[in-house]
Amino acid sequence: MEGKGGSTLTAGIVATFLCSIFFTAMSGCARMLSPMPSGELTFFRGLFGLLFIPLIAHQNEQRIFSGTHVGLLTLRGVFGSIALYLYFLSIEGLTLGDGQILGQLSAFFMCILAPLFLKQKMPKRVIPALFLIALGAMTVMQVWNFSGFNRYALYGALGGLSCAGAYITIGMLGERGFRSDTEIVFYFQLWSLITGLLLMAKEDFLIPHGIQWFWAIAIGLTALIAQMLMTWAFQHIHSVIVSFIMFSQILFHILMGWIFWDEVMTLWSWIGGVSIVAGSMLLLLLKPSGNQ
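Residues numbered from 1 in each chain as written. Predicted model: local features only at pLDDT ≥ 70, side-chain atom pairs only at ≥ 80, totals over all residues. Heavy atoms only, no water.

A.B. asks: Describe in detail the overall build of the chain, supporting the description with residues and values.
C.D. replies: Tallying secondary structure elements over the chain gives twelve helices and zero strands in all. Sequence-ordered secondary structure for the chain, helices as α and strands as β, is α-α-α-α-α-α-α-α-α-α-α-α. Burial status across the chain gives 54% buried among its 292 residues. Surface accessibility of the chain: about 12,900 Å² in total, with carbon and sulfur atoms responsible for 71%. (Helix = DSSP H or I, 4+ residues; strand = E, 2+ residues; numbered from the N terminus. Buried < 20%, exposed > 50% of the residue type's maximum accessible area, 1.4 Å probe, protein only. Areas by Shrake-Rupley, 256 points an atom, 1.4 Å probe, with all protein chains shown as cover.)

A.B. asks: Report on the pattern of salt bridges, specifying residues and quantitative values.
C.D. replies: Summed over all chains, the structure comprises one salt bridge. We note a salt bridge from Glu-263 to Arg-31, for which the minimum N-O separation is 2.6 Å. Here Glu-263, found in the loop between α11 (248-261) and α12 (267-286), pairs with Arg-31, found in helix α1 (residues 4-32); they are 232 residues apart in sequence, far enough to count as distant. By relative accessible area, which is 13% here, Arg-31 ends up buried. (Salt bridge = Lys/Arg side-chain N within 4 Å of Asp/Glu carboxyl O.)

A.B. asks: Quick rundown of unusual backbone geometry? Include the residues and the values.
C.D. replies: For residues besides glycine, phi is generally negative; the peptide bonds are generally trans as well. In this structure, His-69 takes a positive phi of about 50° despite not being glycine. By secondary structure assignment, the location of His-69 is in the loop between α2 (38-60) and α3 (70-90). Residue His-69 is classed as partly exposed on the basis of its relative accessible area, which comes to 31%. In the Ramachandran plot, Asp-262 falls in the positive-phi region, its phi being about 55° despite a non-glycine side chain. Within the secondary structure, Asp-262 sits in the loop between α11 and α12. The exposed category is assigned to Asp-262, whose relative accessible area is 67%.

A.B. asks: Any details on the packing of aromatic side chains? Residues and values, ideally.
C.D. replies: For the structure shown, the criterion picks out nine aromatic pairs. Between the aromatic rings of Tyr-87 and Phe-88, the centroid separation amounts to 6.1 Å while the plane-to-plane angle is 45°, which identifies the pairing as tilted. Tyr-87 gets classed as buried once you look at its relative accessible area, which sits at 11%. Note on Phe-88: relative accessible area 1%, which makes it buried. Here the aromatic rings of Phe-214 and Trp-215 are separated by 5.0 Å at their centres, their planes lie at 75°, and the arrangement is edge-to-face. With a relative accessible area of 22%, Trp-215 lands in the partly exposed category. An aromatic cluster is defined as three or more aromatic residues linked by ring pairs; in this entry it consists of Phe-43, Phe-44, Phe-48 and Trp-213. When the ring centre of Trp-261 is taken as reference, the NZ or CZ atom of Arg-31 above it lies at 5.8 Å. (Phe/Tyr/Trp six-rings, centres within 6.5 Å; stacked < 30°, edge-to-face > 60°. Lys NZ or Arg CZ within 6 Å of the ring centre and 35° of its normal.)

A.B. asks: I'd love a proper account of empty space enclosed by the protein, names of residues and values included.
C.D. replies: Within this structure, the stated rule accounts for two cavities of 30 Å³ or more. What the largest cavity holds in volume is close to 330 Å³. Surrounding the largest cavity, 29 residues form its lining, Phe-23, Ala-83, Tyr-87, Cys-163 and Tyr-167 being those nearest its centre. Going through the elements one at a time, α1, α3, α4 (96-103), α7 (151-175), α9 (212-236) and α11 are the ones with two or more residues in the lining of the largest cavity. Class assignment for the residues of the lining of the largest cavity results in 13 nonpolar, 14 polar and two charged. (1 Å grid on protein atoms, 1.4 Å probe; cavity = no way out; pocket = protein on both sides within 12 Å on 5 of 7 lines; lining within 4 Å. Points joined across faces, edges and corners; volume = space filled by probe spheres on them. Nonpolar A, V, L, I, M, F, W, Y, C, P; charged D, E, K, R; others polar.)

A.B. asks: How would you summarise the packing of α3 against α7 if you had to cite specific residues and measurements?
C.D. replies: Contact geometry for α3 and α7: axes closest at 8 Å, N-to-C directions at 160°. The angle between α3 and α7 places the two elements in the roughly antiparallel class. For the pair α3 and α7, the sense of crossing is left-handed. Residues that form the contact of α3 with α7 fall into these classes: 16 nonpolar, seven polar and one charged. (Axes fitted to C-alpha atoms, helices over the stretch in contact; angles between N-to-C directions. Parallel < 35°, antiparallel > 145°, perpendicular 65-115°, else oblique. Left-handed = near helix turned anticlockwise from the far one by under 90°.)

A.B. asks: Break down the nonpolar core for me, with residues and values.
C.D. replies: Residues Met-26, Phe-88 and Met-230 are the most contacted members of the largest nonpolar core, which totals 68 residues. The leading source of residues in this core is α9, at ten residues. Residues in contact with Phe-88, not counting those within four places in the same chain, are Met-26, Ala-30, Ser-38, Leu-41, Thr-42 and Ile-219. (Core = buried A, V, L, I, M, F, W, Y, C linked by side-chain atoms within 4.5 Å. Contact = heavy atoms within 4.5 Å.)

Note that every value here comes from positions in space, so none of it alone points to a role or purpose.
In structure tokens, the structure reads:
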């Protein structure tokens, strides 16, 4: 019979994969609303996500606001909302795949920052799997042939750094025994709304019409589900493992851009995508003991 540690790891990996799928759906909704400014997209994601929070809180039997760890929760919300805005900015000038590739630099920033801020230790047995995932990401990026670095690419890289900051704060909350997924996500949705409002003051506001209202609501709902899954995973398995599994978003975004918007998917994208999936599946087979 599989031990508790193995069961937790398996559940965490499955949750992270589902999280990647829902984040990809969110990106698709954002692309459908592409005429809309990035600040407004950030606002709608926060607004409609916030509307569903009471339902999630009731389902999970968790409070929305406890009044504890307000500083860390606020940092998580601020880092997350900035990362969200920078991502929306990046895909204004990049393909969905390229935008996601640069956003996934968060895993590398996590490798640098996690030992400084978290008490977690990396299980040595998962290193080969993480290396395979990282190799796949570099293959998709074609790091040996990466040219044309522009401001959109810079937005994507900075978004990855902001994501790492958000992940670090979630890990710090977990180390302090804070387990309210709902409240963590509530702060993120709230700060996405606030950040969007501040940015909209400098942008031309476009009122959604017709089918755009569906995409605006969907962007908030898919993002909320993804955030709940990601938060649970970060609180129950090693944060760096979660970050590396999130590389699967690269493949999902490339596929979505290729299928729906005719964005070019190269042979290297396929090879790297297979490597990413293979490395993630290897993590399932390794099952390091314990949840950290």
